[in-house]
Amino acid sequence: MSTTTSKTQKVYRLKQTGFDNLRIVEEKVPTPKRGQVLVKLKATSLNFRDAMVVSGQYPSVNFREEEGGLIPLSDGAGEVIEIGEDVKEFKVGDRVCGTFHQEWQDGELKQEYLTNVLGGTANGVLAQYRVFEEKGLIKVPSNLSYEEAATLPCAALTAWNALTHNGIQSVGPNQTVLILGTGGVSVFGIQFAKAAGARVIVTSSSDEKLEKAKQLGASNVINYNTHKDWHKQVRELTNGKGVDHILEIGGKGTLEQSLKSIRIGGQVHMIGVLAAGASTNFDVGTGVLFSSAILKGIFVGSRGMFESMNKAIEINDIHPVIDKVFEFNEAKEAYQYLLSQKHIGKIVIRVD
């Protein structure tokens, strides 16, 4: 069954690193095979990881030279318009997202799952149409628009995994969560932590962004330009105890201060590498040892985690924070806006 109205589509391809190499091309709309689903994409969203792919800072990228380049971006949402034989879970008209890890269905992350990651080792979603394997899709929350749903696969799921599926202790009432920054993962972290009943502390260099964080539910905010040693403010706000959870974005020097902010036995969730390659001569081992902290990398999450997150989004009527929406032909401008770090929450590209 099909509702396809076009035989060709516009697709962004990236042949090699550099924004000059990101170009729109015209290609045939693919046809779904057995077990596959054709999706007409309605919106996509950007993560810092996507800028790293273009700039050459992200590991394990397959530029797919034989296809004319990699289709970028991992996060998108759209409508099912055609299904192949034996597809059981989806029907034409369903609203869906692709999963970041196409192979990671449930359980722990395994090495073999890393060979099929959207916008990195596999083609992404910066296109008008894309074919997915049935297991690589998930229905979107009923309370969200396509543009809102397009922000979920990487940023939202990373925050959800860190705070609720960390394998140690999920965030909840009587706990304090420290959120670094106001980017995509961080803002979802604020929303999920508040929904769980936790107290939230947020850091940023912008008073305007901190005001927005308070509107989203942050109990306390810290401007790290005003307070260079912001871990001291965190300790003061927690009566010297420290916080239970930290969403650590990998900024320059932030891990050192995070380990000085965490309570004994608390959890530091490494969710990003904003300052990849920067060196502060900090002895991580000593910091972890004397804080007894649990330091863990969070590489997005599984389809099972995505399902539980979507239920929580519906139950709590959580809506992603979208800073700005760009048109499909403005993708390069969207990347540049991301790199300016002026945004709060997510940047979306509407697909026409």
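Our structure's up above, just so we're on the same page.
Reference entry: report on the structure contained in this document. As the structure is a prediction and not an experimental result, all values here were calculated from the model. (Residues numbered from 1 in each chain as written. Predicted model: local features only at pLDDT ≥ 70, side-chain atom pairs only at ≥ 80, totals over all residues. Heavy atoms only, no water.)

The subject of this paragraph is the side chain of His 245. In this fold, His 245 is placed in strand β11 (residues 243–248). By relative accessible area, His 245 is classed as buried at 1%. A distance of 3.5 Å separates a polar side-chain atom of His 245 from the backbone oxygen of Gln 169. Leaving out residues up to four positions away in the same chain, His 245 has contacts with Leu 163, Asn 166, Gln 169, Ser 170, Val 171, Gln 175, Thr 176, Val 177, Leu 178, Ile 262, Gln 267 and His 269. (Helix = DSSP H or I, 4+ residues; strand = E, 2+ residues; numbered from the N terminus. Buried < 20%, exposed > 50% of the residue type's maximum accessible area, 1.4 Å probe, protein only. Polar contact = N/O pair within 3.5 Å; in protein donor to acceptor, adjacent residues only side chain to side chain. Contact = heavy atoms within 4.5 Å.)

On to the pattern of salt bridges, then. In total, this model carries 17 salt bridges according to the counting rule given. Here Asp 94 ties to Lys 91 by a salt bridge, and the two come within 3.0 Å at their closest N and O atoms. Via salt bridges that share partners, Arg 13, Glu 27, Arg 64 and Glu 67 belong to a single interconnected network. (Salt bridge = Lys/Arg side-chain N within 4 Å of Asp/Glu carboxyl O.)

Backbone geometry places Asn 239, a non-glycine residue, at a positive phi of 55°. With respect to the helices, strands and loops of the structure, Asn 239 is situated in the loop between α6 (230–237) and β11. For Ser 292, which is not glycine, the phi torsion reads 55° and is therefore positive. Inspection of the secondary structure assignment puts Ser 292 in the loop between α8 (284–291) and β13 (294–297). The class of Ser 292 is partly exposed, set by a relative accessible area of 42%.

Further remarks concern the pairing of strand β1 (residues 8–14). Among the 7 residues of β1, 5 are classified as buried, and the element is accordingly described as predominantly covered. The pairing of β1 with strand β2 (residues 22–28) spans 7 bridges and is antiparallel. Within β2, the position partnered with Thr 8 by the bridge is Lys 28. (Pairing = 2+ DSSP bridges.)

Applying the stated criterion to the full structure yields 0 disulfides. Cys 97 takes part in no disulfide bond, and the closest cysteine sulfur to it belongs to Cys 154, at a distance of 12 Å. Look at Cys 97 and you get buried, because its relative accessible area is 1%. Under the relative-accessibility criterion, Cys 154 is labelled buried at 9%. (Disulfide = S-S within 2.5 Å.)

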